[in-house]
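Per-entry structural report
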Amino acid sequence: MHELLHQISTGIVNGCIYAMLALALVVVYRSTHHVNFAQGEMAMFSTYIAAILIGANVPYAVAFLACVLFAFVSGALVERVVMRPLHHAPVLSVVTVFVALYVIVQSAAGLVFGYETRSFPSPFDALGTGGILAGHEVGILLTTVGVLAAMTAFFRFTRLGLAMRAVAVQPLSSQLVGIRVSRLLMLSWGIAGAVGAIAGMLAAPIVFLDPHMMSGIMIYAFAAAIVGGIDSPVGAVVGGILLGVFENLAGAYLVGTELKLTLALVAMIAVLIVKPQGLFGSRSAQRL
Amino acid sequence: MTSILTVRNLYASYRSLAVLSDVSIDVPQGGMTALLGANGAGKTTLLRAISQVMVRATGEITFDGRRIDGQPCDAIARAGIAHVPDGRGTFTELTVEENLCLGAISRRDKAAWQQDMVRMYDYFPRLHAYRRKPAGLMSGGEQQMLAIARALMLSPRMLMLDEPSFGLAPMIVRQIFDILRQINTERQLSILLVEQNASLALELATNAYVLESGRVTISGPANVLRGDERVRRAYLGQPEETAHA
């Protein structure tokens, strides 16, 4: 029984990391209808910034803020410099650019920071109570809840959030009411970058820091976003947590750790066969 | 009468398909200008060209004394032109209240736009009943009212309406046009109206233009056009009247 609880709770914690990266994917998808395959790599690169600052004895909180700021600005810049000129490009061209970005950012990180695996500190060790969850895991849970609450409040209660929702559903009418759509796209990319960077900093103490650290997580996050419904923030979080728990249980009791990713992806396909728009996705997102 | 909007020698095309050629029109300050013409004559395209949305246009467009041609669509909206597009452009997934807030999204005068929101609910009480529900749940007529209210929330200097009567029951059309007349006279808001129902449009408008195959063929004060033989035959459907008189 204790073993089962342990598997479920660590599944939830892993799921939170997938959920956070999935959230970043959803933010970009909602405003551009593209999935940024390089989101995880961008998060990894930002996490290195934090690692270097922490290595230079900068306090964790300052390094955290600097990392999130770096991710925000670089996300917005990628939109402005790379994506905006491709605004009317065919979907396949955009996908190709995303794949290229993935490889370029990963190689750049290897070139600049090296390929050796590094450890990364957690600020949450003091939260450990000797219960089922370690301190860092409690911290992951709390951070995920906080980020989701902050994003929900932003989208629901601020005029800027309203404008971003408007652009997601009706870009043309949004322009007609005077919204500067291109600025909001930059902002979406910035927010996605920041959320992704938080996911990276939460994952790094568990998976360790190296240029490939986010590759596996990205597959789960992608699956989580699709299962949840690619245009739904709540769906991304629920999808991430479901996937995390399912993966752990399958790994422990059904197929062993080697096949757990495969089984998680089989589950994703099964969900999509039954509900093509994902658990929380809107049908209109399927028209493309 | 001074013009709030002047369009001179406007050419417009979708990709390689030319739609408007050498169009010049004037919308008088505080007046209502009607654009008449058959389907495909270029009425919708003219509105889009003024808003710089979805169409490539060249020519001179002056609004309120300033050249606006070549500016992006959102800047033209902020300059004071509110465009109610064909198909209404409702944010159907968002609530009615959110739709109205979006209309005012470029405004910084919070107290004033919140007051405007109250006024919109006075003009269109049905919107108040639906204010917390998704706008897509409302009927076509109610959504048209919402589209007009959303445009008015911009506090525009000019309102452009693309076939507000399209697909609506005559009673609803009457209701909407009564409000438009009221807004036009009370607030001195200039209106550029595209309308299939020519007799209704000429009844309200101060001046009118007839578009045929992308060119202005007839223009003048609305009361003159009402008596114009060509307009009567083609758009008012009363060819026999003079013969019997």
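Quick caveat, the model's predicted, so the values are computed rather than measured. (Residues numbered from 1 in each chain as written. Chains lettered and ligands numbered in written order. Predicted model: local features only at pLDDT ≥ 70, side-chain atom pairs only at ≥ 80, totals over all residues.)

On a plain count of helices and strands, chain B comes out with 11 helices and 10 strands. For chain B, the spread of C-alpha atoms along the three principal axes comes to 55 × 45 × 35 Å. In chain B, which comprises 245 residues, the share counted as buried stands at 45%. Put simply, 67% of the contacts in chain B that link residues at least 6 apart link residues at least 24 apart. (Helix = DSSP H or I, 4+ residues; strand = E, 2+ residues; numbered from the N terminus. Buried ≥ 20, exposed ≤ 12 C-beta atoms within 10 Å, placed from the backbone. Contact = placed C-beta atoms within 7 Å.)

By a widespread convention, an interface's size corresponds to the accessible area lost as its parts come together. Residue and element names in this part refer to chain B. The domain architecture assigned to chain B consists of domain 1 (3–80 + 157–244) and domain 2 (89–155). Taken together, the contacts link 10 residues of domain 1 with nine residues of domain 2. For the side of domain 1 that touches domain 2, the secondary structure elements donating two or more residues are α2 (73–79) and α7 (170–186). With three residues, α7 is the largest single contributor of residues to the side of domain 1 that touches domain 2. When its residues are assigned to classes, the side of domain 1 that touches domain 2 shows eight nonpolar, one polar and one charged. (Domains from an automatic or database assignment. Nonpolar A, V, L, I, M, F, W, Y, C, P; charged D, E, K, R; others polar.)

All names here are of chain B. Overall, mixed pairing links the six strands, which are arranged β6-β7-β8-β3-β9-β10 in an open sheet. Edge strands, defined here as strands with exactly one partner in the open sheet, are β6 (81–84) and β10 (215–221). The average angle at which neighbouring strand axes cross in this sheet is 15 degrees, direction not considered. One ladder, built from four bridges, connects strand β3 (residues 32–36) with strand β9 (residues 207–212); its direction is parallel. From the neighbouring strand, leucine 36 faces β9, where its bridge partner is valine 210. (Pairing = 2+ DSSP bridges. Axes fitted to C-alpha atoms, helices over the stretch in contact; angles between N-to-C directions.)

On to the environment of valine 237 of chain A. All names here are of chain A. By the secondary structure assignment, valine 237 is in helix α10 (residues 233–254). Along the backbone, valine 237 and alanine 224 are 13 residues apart, and their C-alpha atoms lie at a distance of 7.7 Å. Residues in contact with valine 237, not counting those within four places in the same chain, are Ala19, Leu23 and Leu148.

Attention now goes to the packing of helix α6 (residues 159–169) of chain A against helix α3 (residues 96–103) of chain B. Between α6 of chain A and α3 of chain B, whose axes approach to 10 Å, the crossing angle comes to 100 degrees. With respect to each other, α6 of chain A and α3 of chain B are oriented roughly perpendicular. Between α6 of chain A and α3 of chain B, the residues in contact are Arg159, Leu162 and Ala166 of chain A and Glu98, Cys101 and Leu102 of chain B, respectively. Broken down by class, the residue content of the contact of α6 of chain A with α3 of chain B amounts to four nonpolar, no polar and two charged. (Parallel < 35°, antiparallel > 145°, perpendicular 65-115°, else oblique.)

We now examine the nonpolar core. Counting 85 residues, the largest nonpolar core has Ala34, Ala149, Met160 and Leu193 of chain B as the members making the most contacts within it. Sorting elements by how many residues they give to this core places helix α6 (residues 140–152) of chain B first, with seven residues. In terms of domain composition, this core takes at least three residues from each of domain 1 (3–80 + 157–244) and domain 2 (89–155) of chain B. Tyr48, Ile49, Ala63 and Leu202 of chain A belong to the second largest nonpolar core, which has 76 residues in total. (Core = buried A, V, L, I, M, F, W, Y, C linked by C-beta atoms within 7 Å.)

What follows deals with unusual backbone geometry. Residues and elements named next belong to chain B. Notably, glutamine 52 is not glycine yet its phi reads approximately 60 degrees, a positive angle. Within the secondary structure, glutamine 52 is located in the loop between α1 (43–51) and β4 (56–63). Even without a glycine there, the phi angle at serine 213 is positive, about 45 degrees. Note on placement: serine 213 falls in the loop between β9 and β10.

Attention now goes to the sheet that holds strand β5 (residues 66–67) of chain B. All names here are of chain B. Taken in spatial order, the four strands line up as β2-β1-β4-β5 in an open sheet, and their pairing is antiparallel. Two strands close off the open sheet at either side, each with one partner strand: β2 (17–28) and β5. The strands touched by α1 are β1 (3–14), β2 and β4; relative to β2, the strand with the most contacts, the crossing angle is about 75 degrees.

On to helix α2 (residues 39–55) of chain A. Along its 17 residues, α2 of chain A runs 25 Å from first to last C-alpha, staying within 8% of the 24 Å computed at 1.5 Å per residue. Within α2 of chain A, 13 of the 17 residues are buried, leaving the element largely enclosed by the surrounding structure. (Expected span 1.5 Å × (residues − 1).)

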